[in-house]
Amino acid sequence: MYAQLNNPKHYKFETVSCYNCGSTKTSHFLVGEEDLTGKEGYFNFEKCSDCGLVYQNPRVHMDQIKDFYDNEYIAHRKKKNWGLLTPLYNRAMNKHDRSKDSIVSKYVDLNEKSQVLDVGCAVGTFLLHLHKKYGSHISGVDFKSDLSFPNFDKIDFHCGLFYEQNLPKNNFDLITMWHFLEHCYDPVKTLNKSAELISDSGKVIIEVPRLDSVTYKMFKDKWPGVQAPQHTVMFDKKSLFEMIEKSGLKVVDYLPYGAFPSYFYIFTGIYFKIFGKGLNLENTVIPYFLGQLLLSPVLLFEKKLNLSMQTVVCEKA
Ligand SMILES: [Zn+2]
(Lines give C-alpha, C1' and ligand atoms only; values in the text may rest on other atoms or scores of the structure.)
Protein backbone atom coordinates (compact mmCIF):
# COMPACT_ATOMS: atom_id res chain seq x y z
CA MET A 1 0.00 0.00 0.00
CA TYR A 2 2.54 2.58 1.13
CA ALA A 3 4.83 1.84 -1.81
CA GLN A 4 2.26 3.57 -3.97
CA LEU A 5 2.28 6.74 -1.85
CA ASN A 6 3.92 9.58 -3.69
CA ASN A 7 6.51 10.90 -1.24
CA PRO A 8 9.56 13.10 -1.79
CA LYS A 9 12.51 10.88 -2.69
CA HIS A 10 14.69 12.00 0.21
CA TYR A 11 12.21 10.82 2.88
CA LYS A 12 13.54 7.73 4.65
CA PHE A 13 11.05 5.20 6.00
CA GLU A 14 11.46 2.14 8.19
CA THR A 15 9.07 -0.75 8.74
CA VAL A 16 8.13 -1.49 12.35
CA SER A 17 6.25 -4.26 14.10
CA CYS A 18 3.41 -3.58 16.53
CA TYR A 19 4.63 -1.53 19.52
CA ASN A 20 2.20 -3.35 21.77
CA CYS A 21 2.40 -7.05 20.85
CA GLY A 22 5.23 -7.35 18.32
CA SER A 23 3.02 -8.77 15.57
CA THR A 24 3.69 -7.81 11.96
CA LYS A 25 0.20 -8.71 10.71
CA THR A 26 -1.80 -5.61 9.88
CA SER A 27 -4.67 -4.23 7.87
CA HIS A 28 -4.70 -0.80 6.26
CA PHE A 29 -6.18 1.94 8.47
CA LEU A 30 -5.70 5.36 6.86
CA VAL A 31 -3.27 7.68 5.11
CA GLY A 32 -2.43 10.88 6.99
CA GLU A 33 -0.82 14.15 5.99
CA GLU A 34 1.03 16.90 7.81
CA ASP A 35 -2.15 18.95 8.14
CA LEU A 36 -0.92 21.55 10.62
CA THR A 37 2.01 22.98 8.69
CA GLY A 38 1.16 21.58 5.25
CA LYS A 39 4.53 19.90 4.66
CA GLU A 40 4.71 17.39 1.81
CA GLY A 41 4.08 13.72 2.27
CA TYR A 42 1.64 10.87 2.79
CA PHE A 43 1.99 8.70 5.86
CA ASN A 44 0.50 5.27 6.21
CA PHE A 45 -1.23 3.97 9.35
CA GLU A 46 -1.94 0.28 9.89
CA LYS A 47 -4.04 -1.59 12.43
CA CYS A 48 -2.47 -4.58 14.17
CA SER A 49 -4.44 -7.74 13.28
CA ASP A 50 -3.56 -9.30 16.64
CA CYS A 51 -4.10 -6.56 19.23
CA GLY A 52 -5.83 -3.74 17.33
CA LEU A 53 -3.20 -1.03 17.93
CA VAL A 54 -3.13 1.63 15.19
CA TYR A 55 0.37 2.84 14.31
CA GLN A 56 2.34 4.53 11.55
CA ASN A 57 3.96 1.90 9.39
CA PRO A 58 6.36 2.36 7.78
CA ARG A 59 7.33 5.32 9.92
CA VAL A 60 9.60 8.23 9.11
CA HIS A 61 13.16 7.35 10.10
CA MET A 62 14.20 8.76 13.48
CA ASP A 63 17.03 10.77 11.86
CA GLN A 64 14.49 12.71 9.83
CA ILE A 65 11.59 13.16 12.23
CA LYS A 66 13.24 16.16 13.95
CA ASP A 67 12.82 18.11 10.70
CA PHE A 68 9.07 17.94 11.23
CA TYR A 69 9.37 19.66 14.62
CA ASP A 70 10.40 23.07 13.35
CA ASN A 71 9.10 26.51 14.22
CA GLU A 72 6.02 25.93 12.10
CA TYR A 73 4.97 23.12 14.36
CA ILE A 74 2.57 24.61 16.84
CA ALA A 75 3.63 22.79 20.02
CA HIS A 76 7.06 24.29 19.69
CA ARG A 77 6.13 27.81 18.70
CA LYS A 78 7.73 30.29 21.02
CA LYS A 79 5.86 33.25 22.34
CA LYS A 80 8.16 35.73 20.68
CA ASN A 81 7.10 34.54 17.20
CA TRP A 82 3.55 35.68 17.71
CA GLY A 83 3.76 39.45 17.21
CA LEU A 84 0.44 41.16 17.82
CA LEU A 85 -1.17 37.89 18.87
CA THR A 86 1.24 37.41 21.78
CA PRO A 87 -1.25 38.40 24.54
CA LEU A 88 -3.92 36.01 23.19
CA TYR A 89 -1.40 33.22 22.82
CA ASN A 90 -0.03 33.79 26.33
CA ARG A 91 -3.55 33.67 27.74
CA ALA A 92 -4.29 30.39 25.97
CA MET A 93 -0.98 28.89 27.14
CA ASN A 94 -1.55 29.99 30.74
CA LYS A 95 -5.02 28.50 30.64
CA HIS A 96 -3.60 25.25 29.28
CA ASP A 97 -1.04 25.08 32.12
CA ARG A 98 -3.76 25.80 34.68
CA SER A 99 -5.89 22.98 33.21
CA LYS A 100 -2.94 20.60 33.56
CA ASP A 101 -2.47 21.78 37.15
CA SER A 102 -6.15 21.19 37.97
CA ILE A 103 -5.85 17.60 36.75
CA VAL A 104 -2.59 16.73 38.54
CA SER A 105 -3.52 18.41 41.82
CA LYS A 106 -6.50 16.05 42.14
CA TYR A 107 -4.05 13.19 42.52
CA VAL A 108 -0.82 14.61 43.97
CA ASP A 109 -0.33 17.08 46.82
CA LEU A 110 2.48 19.18 45.43
CA ASN A 111 4.71 21.18 47.76
CA GLU A 112 8.27 22.50 48.00
CA LYS A 113 9.62 18.97 48.58
CA SER A 114 7.91 17.43 45.55
CA GLN A 115 9.91 16.18 42.61
CA VAL A 116 8.14 16.66 39.28
CA LEU A 117 9.27 15.39 35.89
CA ASP A 118 7.61 16.48 32.64
CA VAL A 119 8.47 14.27 29.69
CA GLY A 120 8.28 16.22 26.43
CA CYS A 121 8.41 19.51 28.34
CA ALA A 122 8.92 21.76 25.26
CA VAL A 123 9.46 25.34 26.50
CA GLY A 124 8.70 24.30 30.09
CA THR A 125 5.84 26.66 30.97
CA PHE A 126 3.91 23.94 32.83
CA LEU A 127 6.91 23.08 35.02
CA LEU A 128 7.58 26.75 35.72
CA HIS A 129 3.91 27.20 36.67
CA LEU A 130 4.22 24.36 39.24
CA HIS A 131 7.50 25.72 40.56
CA LYS A 132 6.00 29.17 41.04
CA LYS A 133 2.78 27.92 42.63
CA TYR A 134 4.00 25.04 44.82
CA GLY A 135 7.78 25.57 44.98
CA SER A 136 8.32 22.03 43.64
CA HIS A 137 11.59 20.80 42.14
CA ILE A 138 11.16 20.60 38.40
CA SER A 139 12.87 18.40 35.81
CA GLY A 140 12.13 18.14 32.13
CA VAL A 141 13.11 16.04 29.14
CA ASP A 142 12.76 16.92 25.48
CA PHE A 143 14.67 16.02 22.37
CA LYS A 144 14.95 19.69 21.44
CA SER A 145 16.30 22.30 23.82
CA ASP A 146 14.75 25.71 24.28
CA LEU A 147 17.41 27.22 26.48
CA SER A 148 16.62 30.75 25.32
CA PHE A 149 13.12 30.63 26.80
CA PRO A 150 12.53 32.84 29.89
CA ASN A 151 13.37 31.06 33.18
CA PHE A 152 14.26 27.84 31.34
CA ASP A 153 17.41 27.67 33.49
CA LYS A 154 15.23 26.95 36.55
CA ILE A 155 14.42 23.54 35.06
CA ASP A 156 16.72 20.56 35.53
CA PHE A 157 16.61 19.95 31.81
CA HIS A 158 17.76 16.80 30.00
CA CYS A 159 18.00 16.85 26.23
CA GLY A 160 17.54 13.63 24.27
CA LEU A 161 15.48 10.45 24.31
CA PHE A 162 13.65 10.00 27.62
CA TYR A 163 14.53 6.32 28.12
CA GLU A 164 18.23 7.04 27.62
CA GLN A 165 18.39 9.69 30.37
CA ASN A 166 20.29 9.07 33.57
CA LEU A 167 17.65 10.13 36.11
CA PRO A 168 17.30 8.99 39.74
CA LYS A 169 15.16 5.87 40.21
CA ASN A 170 12.17 5.73 42.53
CA ASN A 171 12.47 9.50 42.89
CA PHE A 172 9.58 11.41 41.35
CA ASP A 173 6.25 12.23 43.01
CA LEU A 174 4.73 13.17 39.68
CA ILE A 175 5.69 12.31 36.11
CA THR A 176 3.60 13.90 33.38
CA MET A 177 3.40 13.17 29.65
CA TRP A 178 1.13 15.66 27.93
CA HIS A 179 0.79 14.57 24.34
CA PHE A 180 4.11 12.80 24.36
CA LEU A 181 3.36 9.07 24.14
CA GLU A 182 1.66 9.28 20.73
CA HIS A 183 4.87 10.80 19.34
CA CYS A 184 7.14 8.19 20.87
CA TYR A 185 9.31 5.78 18.85
CA ASP A 186 9.28 3.25 21.69
CA PRO A 187 6.23 3.77 23.93
CA VAL A 188 6.69 0.56 25.97
CA LYS A 189 10.29 1.49 26.80
CA THR A 190 9.07 4.97 27.79
CA LEU A 191 6.38 3.56 30.09
CA ASN A 192 8.88 1.12 31.63
CA LYS A 193 11.28 3.97 32.28
CA SER A 194 8.58 6.03 34.00
CA ALA A 195 7.67 3.00 36.18
CA GLU A 196 11.33 2.86 37.21
CA LEU A 197 11.57 6.58 38.05
CA ILE A 198 8.26 7.11 39.86
CA SER A 199 8.28 6.85 43.67
CA ASP A 200 6.15 4.22 45.44
CA SER A 201 3.44 6.78 46.22
CA GLY A 202 3.89 8.87 43.04
CA LYS A 203 1.59 9.21 40.03
CA VAL A 204 2.31 9.03 36.32
CA ILE A 205 -0.24 11.09 34.38
CA ILE A 206 -0.52 10.61 30.64
CA GLU A 207 -2.68 12.50 28.16
CA VAL A 208 -3.04 11.41 24.53
CA PRO A 209 -5.64 11.95 21.77
CA ARG A 210 -8.41 9.35 21.88
CA LEU A 211 -9.05 7.40 18.70
CA ASP A 212 -12.44 6.08 19.86
CA SER A 213 -13.76 9.64 20.21
CA VAL A 214 -16.45 11.84 18.65
CA THR A 215 -14.01 14.02 16.70
CA TYR A 216 -12.28 10.99 15.12
CA LYS A 217 -15.69 9.78 13.89
CA MET A 218 -16.33 13.25 12.46
CA PHE A 219 -13.04 13.79 10.65
CA LYS A 220 -11.40 10.34 10.03
CA ASP A 221 -8.19 10.89 8.02
CA LYS A 222 -8.49 14.66 8.64
CA TRP A 223 -8.77 14.13 12.41
CA PRO A 224 -6.19 16.43 14.02
CA GLY A 225 -5.09 13.47 16.20
CA VAL A 226 -3.62 11.79 13.11
CA GLN A 227 -0.97 14.54 12.93
CA ALA A 228 1.33 12.61 10.62
CA PRO A 229 4.19 11.99 10.62
CA GLN A 230 4.83 13.22 14.18
CA HIS A 231 2.27 10.82 15.66
CA THR A 232 3.55 7.26 15.61
CA VAL A 233 0.60 5.71 17.46
CA MET A 234 -3.15 6.43 17.72
CA PHE A 235 -4.45 5.05 21.00
CA ASP A 236 -7.99 4.05 21.79
CA LYS A 237 -8.82 3.44 25.45
CA LYS A 238 -8.24 -0.30 25.18
CA SER A 239 -4.81 -0.14 23.53
CA LEU A 240 -3.65 2.55 25.95
CA PHE A 241 -4.61 0.41 28.97
CA GLU A 242 -2.99 -2.69 27.48
CA MET A 243 0.30 -0.97 26.85
CA ILE A 244 0.42 0.64 30.29
CA GLU A 245 -0.40 -2.56 32.10
CA LYS A 246 2.47 -4.48 30.55
CA SER A 247 4.99 -1.84 31.56
CA GLY A 248 5.27 -1.96 35.34
CA LEU A 249 2.47 0.55 35.88
CA LYS A 250 -1.16 0.12 36.85
CA VAL A 251 -4.03 2.42 35.94
CA VAL A 252 -5.75 3.97 38.96
CA ASP A 253 -8.02 6.46 37.19
CA TYR A 254 -9.21 7.31 33.69
CA LEU A 255 -10.57 10.62 32.39
CA PRO A 256 -12.36 10.83 29.00
CA TYR A 257 -10.86 14.32 28.50
CA GLY A 258 -7.55 16.10 28.94
CA ALA A 259 -6.04 19.50 29.62
CA PHE A 260 -5.76 20.14 25.88
CA PRO A 261 -8.86 21.98 24.58
CA SER A 262 -11.12 19.72 22.51
CA TYR A 263 -12.27 22.80 20.66
CA PHE A 264 -8.86 23.00 18.94
CA TYR A 265 -9.56 19.59 17.37
CA ILE A 266 -13.08 20.61 16.34
CA PHE A 267 -11.89 23.85 14.72
CA THR A 268 -8.82 22.43 12.98
CA GLY A 269 -10.70 19.27 11.89
CA ILE A 270 -13.34 21.38 10.14
CA TYR A 271 -10.59 23.58 8.66
CA PHE A 272 -8.61 20.62 7.26
CA LYS A 273 -11.81 19.09 5.83
CA ILE A 274 -12.72 22.29 3.99
CA PHE A 275 -9.36 23.83 3.08
CA GLY A 276 -6.99 20.86 3.20
CA LYS A 277 -3.64 20.89 4.93
CA GLY A 278 -1.66 23.89 6.14
CA LEU A 279 -3.23 25.99 8.89
CA ASN A 280 -2.47 29.70 8.94
CA LEU A 281 -3.31 30.51 12.54
CA GLU A 282 -2.76 34.24 12.13
CA ASN A 283 -5.51 34.43 9.50
CA THR A 284 -7.85 32.14 11.37
CA VAL A 285 -7.60 33.59 14.85
CA ILE A 286 -10.87 35.56 14.58
CA PRO A 287 -12.97 32.63 13.27
CA TYR A 288 -11.25 30.50 15.93
CA PHE A 289 -12.43 32.62 18.83
CA LEU A 290 -15.87 33.26 17.26
CA GLY A 291 -16.41 29.52 16.83
CA GLN A 292 -15.37 28.94 20.42
CA LEU A 293 -17.97 31.46 21.56
CA LEU A 294 -20.69 29.81 19.44
CA LEU A 295 -19.84 26.34 20.72
CA SER A 296 -19.43 27.40 24.33
CA PRO A 297 -22.76 25.78 25.43
CA VAL A 298 -21.50 22.41 24.09
CA LEU A 299 -17.98 22.89 25.44
CA LEU A 300 -19.41 23.29 28.94
CA PHE A 301 -19.98 19.53 28.83
CA GLU A 302 -16.56 18.78 27.32
CA LYS A 303 -15.60 16.45 30.17
CA LYS A 304 -18.59 14.19 29.54
CA LEU A 305 -18.79 14.05 25.75
CA ASN A 306 -15.66 12.03 24.88
CA LEU A 307 -14.79 14.65 22.28
CA SER A 308 -11.12 14.03 21.60
CA MET A 309 -8.73 13.43 24.51
CA GLN A 310 -8.07 10.92 27.28
CA THR A 311 -5.95 11.01 30.41
CA VAL A 312 -4.78 8.07 32.49
CA VAL A 313 -3.48 8.24 36.03
CA CYS A 314 -1.06 5.43 36.93
CA GLU A 315 1.03 4.14 39.81
CA LYS A 316 3.91 1.76 40.09
CA ALA A 317 2.43 -1.75 39.74
ZN1 LIG B 1 -0.35 -5.67 18.15
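Notes on the structure follow. (Residues numbered from 1 in each chain as written. Predicted model: local features only at pLDDT ≥ 70, side-chain atom pairs only at ≥ 80, totals over all residues. Heavy atoms only, no water.)

### Looking at a nonpolar patch on the surface
Then step 1. A surface patch of nonpolar side chains, amounting to about 400 Å² of accessible area, comprises V298, L300, F301 and L305.
Then step 2. Inspection of the secondary structure assignment puts V298 in helix α9 (residues 296-299).
Then step 3. Judged by its relative accessible area of 39%, V298 is partly exposed. (Patch = residues over 30% accessible without salt bridge, like charges linked within 9 Å, V, L, I, M, F, W, Y side chains within 5 Å. Areas by Shrake-Rupley, 256 points an atom, 1.4 Å probe, with all protein chains shown as cover. Salt bridge = Lys/Arg side-chain N within 4 Å of Asp/Glu carboxyl O. Helix = DSSP H or I, 4+ residues; strand = E, 2+ residues; numbered from the N terminus. Buried < 20%, exposed > 50% of the residue type's maximum accessible area, 1.4 Å probe, protein only.)

### Concerning the coordination of the zinc ion
Then step 1. Bound to the zinc ion are the protein donor atoms C18 (SG), C21 (SG), C48 (SG) and C51 (SG), situated 2.3 Å from the metal.
Then step 2. Taken together, the four donor atoms surrounding the zinc ion define angles of 101 to 116 degrees at the centre, an arrangement classified as tetrahedral.
Then step 3. Taken in sequence order, the residues that donate to the zinc ion follow the motif C-x2-C-x26-C-x2-C. Linking C18 in the loop between β1 (13-14) and β2 (26-32) with C51 in the loop between β3 (43-48) and β4 (54-56), this pair joins segments that are 33 residues apart in sequence. Judged on exposure class, the residue C18 and its partner C51 are both buried. (Donors = N, O, S within 2.8 Å, 3.2 Å for Na, K, Ca; no water. Tetrahedral: all angles 85-135°; square planar, octahedral: opposite > 155°, others 65-115°.)

### Focus on the pairing of strand β10 (residues 198-209)
Then step 1. The buried fraction of β10 amounts to 10 of the 12 residues, a majority that puts the element mostly inside the structure.
Then step 2. Pairing analysis gives six bridges linking strand β9 (residues 172-178) to β10, with the strands arranged parallel. Of the residues in β10, the one forming a bridge with I175 is V204.
Then step 3. As for the winding sense of the linkage, the β-α-β connection from β9 through helix α4 (residues 187-197) to β10 is right-handed. (Pairing = 2+ DSSP bridges. Right-handed = clockwise from strand over helix to strand, strands pointing away.)

### Some points on the pattern of salt bridges
Pairs can form between side chains of opposite charge once their charged atoms are near each other.
Then step 1. For the structure shown, the criterion picks out 12 salt bridges.
Then step 2. E33 is the salt-bridge partner of K222, the closest N and O atoms lying 3.4 Å from each other. Taken together, the positions of K222 in the loop between α5 (214-219) and β11 (233-234) and E33 in the loop between β2 and β3 put the pair 189 residues apart, joining distant regions of the chain. Comparing K222 with E33, the two get one shared label, buried.

### A short note on unusual backbone geometry
Then step 1. P58 follows N57 through a cis peptide bond whose omega is 0 degrees.
Then step 2. Within the secondary structure layout, P58 lies in the loop between β4 and β5 (59-60).
Then step 3. A cis amide bond, omega 0 degrees, links A228 with the succeeding residue P229.
Then step 4. Structurally, the position occupied by P229 is in the loop between α5 and β11.
Then step 5. You will see that Q227, though not glycine, has its phi angle at about 30 degrees, which is positive.
Then step 6. Checked against the element boundaries, Q227 lands in the loop between α5 and β11.

### Quick word on the nonpolar core
Then step 1. Among the nonpolar cores identified, the biggest contains 36 residues, and L53, L117, F162, I206 and I244 are the most heavily contacted of them.
Then step 2. Apart from the residues lying within four places of it in its own chain, the contact partners of L117 are S139, G140, V141, F162, L167, F172, L174, I175, T176 and L197. (Core = buried A, V, L, I, M, F, W, Y, C linked by side-chain atoms within 4.5 Å. Contact = heavy atoms within 4.5 Å.)

### Brief notes about the packing of helix α2 (residues 86-104) against helix α3 (residues 125-134)
Then step 1. Closest axis-to-axis distance for the α2/α3 pair is 9 Å, and the angle between their directions is 65 degrees. Every pair of crossing elements has a handedness; the one defined by α2 and α3 is right-handed. On α3, the residues that touch M93, D97, R98, K100, D101 and V104 of α2 are T125, F126, H129, L130, K133 and Y134.
Then step 2. For the contact of α2 with α3, the class distribution of residues is five nonpolar, two polar and five charged. (Axes fitted to C-alpha atoms, helices over the stretch in contact; angles between N-to-C directions. Left-handed = near helix turned anticlockwise from the far one by under 90°. Nonpolar A, V, L, I, M, F, W, Y, C, P; charged D, E, K, R; others polar.)

### Structural notes on the pairing of strand β7 (residues 137-142)
Then step 1. With five of its six residues buried, β7 lies for the most part within the structure.
Then step 2. Of the strand pairs in this sheet, strand β6 (residues 115-119) and β7 are connected by five bridges, and their pairing is parallel. Bridge assignment links L117 to a residue of β7, and that residue is S139.
Then step 3. Running through α3, the crossover from β6 to the neighbouring parallel element β7 is right-handed.

### Looking at the sheet that holds β10
Then step 1. In spatial order, the strands read β8-β7-β6-β9-β10-β13-β12; together these seven strands make up an open sheet with mixed pairing. Only two strands of the sheet have a single neighbouring strand rather than two, namely β8 (156-159) and β12 (249-255). When the angles between neighbouring strand axes are averaged without regard to direction, this sheet yields 20 degrees.
Then step 2. As paired strands, β6 and β9 are joined by three bridges and run parallel to one another. Each residue of the ladder has a partner; that of V116, found in β9, is L174.

### Structural notes on the packing of helix α7 (residues 262-275) against helix α8 (residues 281-294)
Then step 1. In the contact formed by α7 and α8, the axes pass within 11 Å of each other and the chain directions differ by 125 degrees. Put simply, α7 runs oblique to α8. For α7 against α8, the interelement crossing comes out right-handed. Where α7 approaches α8, its residues Y263, F264, F267 and Y271 are matched on the opposing element by T284, P287, Y288, G291 and Q292. (Parallel < 35°, antiparallel > 145°, perpendicular 65-115°, else oblique.)

### Overview of the environment of I266
Then step 1. Secondary-structure assignment places I266 in helix α7.
Then step 2. Along the primary structure I266 and A228 are separated by 38 residues, whereas in three dimensions their C-alpha atoms are 17 Å apart.
Then step 3. Not counting chain neighbours up to four residues away, the residues in contact with I266 comprise T215, F219, L295, L299 and L307.

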